[in-house]
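Examining the three-dimensional arrangement
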Amino acid sequence: MPKLYHGGITSIILPFAISNAIVAGSLYGALDLATGGPNNNNNNKIIQTPWICGSGIGGGVGYIAPNYLYGPIMENMYALEGISQSMNTIMSYSMTTELSVVTGMVAGTLLHPMLYYPIHGIKGQKWQYFSGSALCITSAALAYVYYGRENVGLPIPDGSFIEPSNMALVDSILRYNNTTNTVETYSLEKEKFIGSSAQCIEGQLLADISRSYIANSNKAVFDDRVIAFVYNWWDAKAKDKYPEHIVNIKTQDELQQIQNSMTYTDVAVAAILSSDKESDNQANRKDVVMNIINNLNAQNEGRQGQLKSTSFKQLEDVIVAIELLLTMKKKQLDQQSTTATTNMHDDDALRQKLEQFIKKLYPTLTLYTSDEQYKDESVESQLKNAKWIGSEYTDAVKRWTHVHEKETYRLWRNRSLIVVSGILLSIAGSLLQR
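An account of the accompanying structure is given in this report. Owing to the predicted nature of the structure, the values given are computational and were not obtained by experimental measurement. (Residues numbered from 1 in each chain as written. Predicted model: local features only at pLDDT ≥ 70, side-chain atom pairs only at ≥ 80, totals over all residues. Heavy atoms only, no water.)

1. Points about the overall build of the protein
- Helix and strand counts for the protein stand at 16 helices and three strands.
- Residues counted as buried form 39% of the 434 residues belonging to the protein. (Helix = DSSP H or I, 4+ residues; strand = E, 2+ residues; numbered from the N terminus. Buried < 20%, exposed > 50% of the residue type's maximum accessible area, 1.4 Å probe, protein only.)

2. Looking at the packing of aromatic side chains
- In total, this model carries six aromatic pairs according to the counting rule given.
- Seen from their ring centres, Tyr63 and Tyr68 are 6.5 Å apart, and the 65° between their planes marks the pair as edge-to-face.
- Ring geometry for Phe222 against Tyr231: centres 5.2 Å apart, planes inclined by 65°, an arrangement best described as edge-to-face. For the pair shown, Phe222 and Tyr231 are each scored as buried.
- For the cation-ring pair, Lys219 lies above Tyr231, with the distance from its terminal atom to the ring centre recorded as 5.8 Å. (Phe/Tyr/Trp six-rings, centres within 6.5 Å; stacked < 30°, edge-to-face > 60°. Lys NZ or Arg CZ within 6 Å of the ring centre and 35° of its normal.)

3. A short note on the side chain of Thr327
- By the element assignment, Thr327 lies in helix α13 (residues 315-337).
- Of the polar contacts made by the side chain of Thr327, one reaches the backbone oxygen of Glu323; its length is 2.5 Å.
- Apart from the residues lying within four places of it in its own chain, the contact partners of Thr327 are Trp388, Ser391 and Tyr393. (Polar contact = N/O pair within 3.5 Å; in protein donor to acceptor, adjacent residues only side chain to side chain. Contact = heavy atoms within 4.5 Å.)

4. Side note on the layout of surface pockets
- When its volume is computed, the largest pocket comes out at roughly 1300 Å³.
- Along its surface, the largest pocket is lined by 37 residues, and Asn20, Ala21, Ala24, Leu111 and Leu115 are the ones closest to its centre.
- Secondary structure elements with two or more residues in the lining of the largest pocket: α1 (8-34), α3 (50-78), α4 (83-91), α5 (94-120) and α6 (127-147).
- When residues in the lining of the largest pocket are grouped by element, the largest group, 12 residues, is from α5.
- Across the lining of the largest pocket, the residue classes tally to 23 nonpolar, 14 polar and no charged. (1 Å grid on protein atoms, 1.4 Å probe; cavity = no way out; pocket = protein on both sides within 12 Å on 5 of 7 lines; lining within 4 Å. Points joined across faces, edges and corners; volume = space filled by probe spheres on them. Nonpolar A, V, L, I, M, F, W, Y, C, P; charged D, E, K, R; others polar.)

5. Brief notes about α3
- Taking 1.5 Å per residue, 29 residues should reach 42 Å; α3 reaches only 35 Å between its end C-alpha atoms and comes up short.
- At Ala65, α3 shows its largest bend, some 55°, and a proline, Pro66, comes one to four positions later. (Expected span 1.5 Å × (residues − 1). Bend = angle between axes of the 7 residues up to and from the residue.)

6. Focus: the environment of Leu350
- Here Leu350 shows up in helix α14 (residues 344-361).
- On the accessibility criterion, Leu350 (18% relative accessible area) is buried.
- Once the C-alpha coordinates of Leu350 and Leu324 are considered, the two residues, 26 residues apart in sequence, prove to be 9.7 Å apart.

7. Focus on the pairing of strand β3 (residues 192-196)
- Looking at chain direction, strand β2 (residues 182-187) and β3 are connected through four bridges and run antiparallel. Following the sheet pairing, Thr185 is matched in β3 by Gly195.
- Linking β2 to β3, which pair antiparallel, is a turn of four residues; within it Glu191 sits at a positive phi near 60°. (Pairing = 2+ DSSP bridges.)

8. Some thoughts on a nonpolar patch on the surface
- Together, Leu111, Met114, Leu115 and Ile119 make up a nonpolar patch on the protein surface, roughly 380 Å² of accessible area in all.
- Position of Met114 among the secondary structure elements: in helix α5. (Patch = residues over 30% accessible without salt bridge, like charges linked within 9 Å, V, L, I, M, F, W, Y side chains within 5 Å. Areas by Shrake-Rupley, 256 points an atom, 1.4 Å probe, with all protein chains shown as cover. Salt bridge = Lys/Arg side-chain N within 4 Å of Asp/Glu carboxyl O.)

9. A few points about the packing of α3 against α4
- Two elements in contact, α3 and α4, have axes whose closest approach is 8 Å; the angle formed by their N-to-C orientations is 155°. One element, α3, and the other, α4, form an angle in the roughly antiparallel class. Considering how the two elements wind past one another, α3 and α4 form a crossing that is right-handed. Contacts between α3 and α4 involve Pro66, Asn67, Tyr70, Gly71, Pro72, Met74 and Glu75 from the first element and Ile83, Ser84, Met87, Asn88 and Met91 from the second.
- Here the contact of α3 with α4 is built from residues that sort into seven nonpolar, four polar and one charged. (Axes fitted to C-alpha atoms, helices over the stretch in contact; angles between N-to-C directions. Parallel < 35°, antiparallel > 145°, perpendicular 65-115°, else oblique. Left-handed = near helix turned anticlockwise from the far one by under 90°.)

10. Some details on the sheet that holds strand β1 (residues 172-177)
- Here three strands make up an open sheet; going across it, the order is β1-β2-β3 and the pairing antiparallel. The sheet is open, and its two edges are formed by β1 and β3, each paired on a single side. The average angle at which neighbouring strand axes cross in this sheet is 50°, direction not considered.
- Of the strands in this sheet, β1, β2 and β3 touch helix α8 (residues 197-217), which is tilted by about 95° from β3.

11. Comments concerning the nonpolar core
- Residues Leu315, Ile322 and Trp400 are the most contacted members of the largest nonpolar core, which totals 43 residues.
- Sorting the residues of this core by element identifies β1, α11 (252-277), α12 (282-299), α13, α14, α15 (379-385) and α16 (393-433) as the ones contributing at least two each.
- Sort the elements by how many residues they give to this core and α13 lands first, with 10 residues.
- Judged by nonpolar contacts, the second largest core, of 36 residues, contains Ile57, Met74, Met91 and Tyr231. (Core = buried A, V, L, I, M, F, W, Y, C linked by side-chain atoms within 4.5 Å.)

This is the structure in structure tokens:
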């Protein structure tokens with residue numbers, strides 16, 4: 001029995017065994033005292049006779065324990081609401097009570113010879129040699145059955161329960177850490193990096209099991225094993241009673257979208273920081289970006305959402321806009337601290353233009369701390385944590401002017417091509433009609 005469901009059956013039996021022990025011990029103690037006490041009952045026929053003492057105590061256990069103790073003790077041990085009421089309903093049927101009492105009487109009669117000598121000892125032998133040894137062996141066996149094995153718990157379907165200690169892994173993604181310059185596991189639940197990339201793979205394997213459970217049964221997943229047991233085998237309304245223990249397992253697509261969004265932000269930060277170290281070396285920026293993308297794709301192999309390097313072809317222009325935007329913000333804060341004045345209207349117009357440009361090319365990039373869904377996710381937060389200084393304001397404006405002119409030229413060139421193409425198509429259509 002202890003091996004069934006990896007020890008789950010043992011967990012269910014334990015409250016019943018404790019209830020039986022309380023009733024049996026109390027009934028035996030009362031009978032012991034009624035027959036003259038422990039010093040006089042070695043020769044007492046009532047105590048010695050299995051079909052009187054054994055069956056009587058067994059029958060009493062079979063009646064009292066299910067009716068009065070099973071429910072309350074299980075509720076107290078596992079915080080299971082409603083089991084007392086359910087046990088009362090089950091025991092209200094006369095056949096159930098009769099079956100329980102008869103089973104108790106038979107069990108008591110069979111156990112009596114086995115329990116009599118460990119309790120009373122054997123004449124001529126010291127208690128420690130027989131009863132003490134039996135007690136030690138039994139205690140050791142019980143300790144092993146209930147506490148000495150791993151994965152012991154109430155039986156529940158695979159995927160219906162997530163260990164609280166694994167929540168950080170289940171809700172995790174692969175992310176580039178600009179502090180350590182490596183791809184690591186980032187926990188969305190803890191909002192921080194929690195270890196190597198291997199942990200993310202481990203967490204997603206656990207999440208996949210829960211996703212299969214949800215897909216097959218359309219049931220909830222819990223972070224409490226007892227509630228998961230009650231919900232699956234006892235009370236489907238447990239989901240409504242304990243909403244705070246329901247685990248939201250994100251889909252692979254949701255996690256991939258979050259991961260890709262953070263990748264755009266992290267890559268931008270990595271490129272900005274690398275240019276600071278290498279004196280604005282654009283070749284180094286490209287190498288940094290490609291290393292990050294290749295590393296992420298390699299560790300994300302076999303899953304959806306592989307990133308393409310072509311998605312970052314206008315990264316240089318976006319970085320120029322970000323640098324000017326954050327330089328302007330720092331400049332504005334400095335001016336406010338020194339009570340200096342500036343043309344706020346021009347600054348607002350330029351800021352809006354820069355933000356629109358960034359969002360157009362990198363719509364999922366998280367720019368400001370105020371836009372963060374997760375702690376230290378944005379470009380602003382990461383650069384602040386890295387103590388980024390940036391370039392002079394005038395240099396940043398010059399670089400943006402060049403990018404803006406290039407973007408304007410590209411825009412008018414594309415418009416001209418559309419117009420010319422339209423004219424050529426009209427001419428071609430007219431010639432074909434003739």
